[in-house]
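# Observations on the model geometry
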Amino acid sequence: MDTSNGQRLVATASVFLGITYVSVILRAYVRAVLTHSFLLDDWLMLVAQIVFTLSCSFVIVGVTDGLGHHNADLSIPNQIDA
């Protein structure tokens, strides 16, 4: 079967991670600097960004262990790691 979606997974995670960082930074700047009203929802947004960053890093690291490959193409230890 030798088909892998690993490259697509890394590309998708990277693109969305970049988009979210730009939007979170811009919103945080507007709320903290321009309007001086950095409230609970903004703090929760930062926490969500950290969780999303961890999630994307797990996907990127998982691709090196076989994430995105068919199970038939992987050995048993790689299936467990992926």
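Residues numbered from 1 in each chain as written. Predicted model: local features only at pLDDT ≥ 70, side-chain atom pairs only at ≥ 80, totals over all residues. Heavy atoms only, no water.

### Digging into the overall build of the chain
Quick reminder of the rule: Counting from the N terminus, the helices are the DSSP runs of H or I reaching at least four residues and the strands are the DSSP runs of E reaching at least two. For the radius of gyration, the atoms used are the C-alpha atoms, and the globule rule reads 2.2 Å times the number of residues raised to 0.38. Relative accessibility thresholds used throughout: buried, under 20% of the residue-type maximum; exposed, over 50%; partly exposed, between the two (1.4 Å probe, protein chains only). In this analysis, two residues are considered to be in contact whenever any of their non-hydrogen atoms come within 4.5 Å of each other. Note on areas: these come from Shrake-Rupley sampling with a 1.4 Å probe, and a residue is covered only by the protein chains present in the view.
What the chain contains, in helices and strands, is three helices and zero strands. Ordered by position from the N terminus, the helices and strands of the chain form the series α-α-α. For 82 residues, the compact-globule formula gives about 12 Å, and the C-alpha radius of gyration of the chain, at 18 Å, lies well above that figure. Seen through its principal axes, the chain has C-alpha atoms that stretch 55 × 20 × 15 Å. Looking at the chain residue by residue over its 82 residues, the buried ones come to 16%. Restricting to contacts in the chain with at least 6 residues of sequence separation, those with at least 24 account for 60%. When the accessible surface of the chain is summed, it comes to about 5900 Å², and 71% of that surface belongs to carbon and sulfur atoms.

### Structural notes on the confidence of the model for the chain
As a reminder of what qualifies: pLDDT measures how confident the predictor is about each residue, on a scale from 0 to 100.
Per-residue pLDDT for the chain averages 89, and the proportion of residues at 70 or more is 96%. The least confident element of the chain, judged by mean pLDDT, is helix 3 (residues 76-81) at 76; the most confident is helix 1 (residues 6-34) at 95.

### Structural notes on the environment of Leu46
Tracing the sequence through the fold places Leu46 in helix 2 (residues 40-65). In this structure the C-alpha to C-alpha distance between Leu46 and Ala32, which are 14 residues apart in sequence, comes to 13 Å. Among residues more than four places away in sequence, those in contact with Leu46 are Val24 and Phe38.

### A word on the packing of aromatic side chains
Applied cut-off: Aromatic rings from Phe, Tyr and Trp, taking only the six-membered ring of Trp, are treated as a pair when their centres fall within 6.5 Å; an angle between ring planes under 30 degrees marks them as stacked, one over 60 as edge-to-face, and anything in between as tilted.
Per the counting criterion, the structure on display carries one aromatic pair. Ring geometry for Phe38 and Trp43: centres 5.0 Å apart, planes at 90 degrees, overall edge-to-face.

### Focus on a nonpolar patch on the surface
Condition: Exposure above 30% relative accessible area and the lack of any salt bridge qualify a residue for a patch; like charges then connect within 9 Å, and the nonpolar side chains Val, Leu, Ile, Met, Phe, Trp and Tyr within 5 Å. Any Lys or Arg side-chain nitrogen located within 4 Å of an Asp or Glu carboxyl oxygen qualifies as a salt bridge.
On the surface, Tyr29, Val30, Val33 and Leu34 cluster together into a nonpolar patch covering about 360 Å² of accessible area. Looking at Val30, the relative accessible area reads 37%, which means it is partly exposed.

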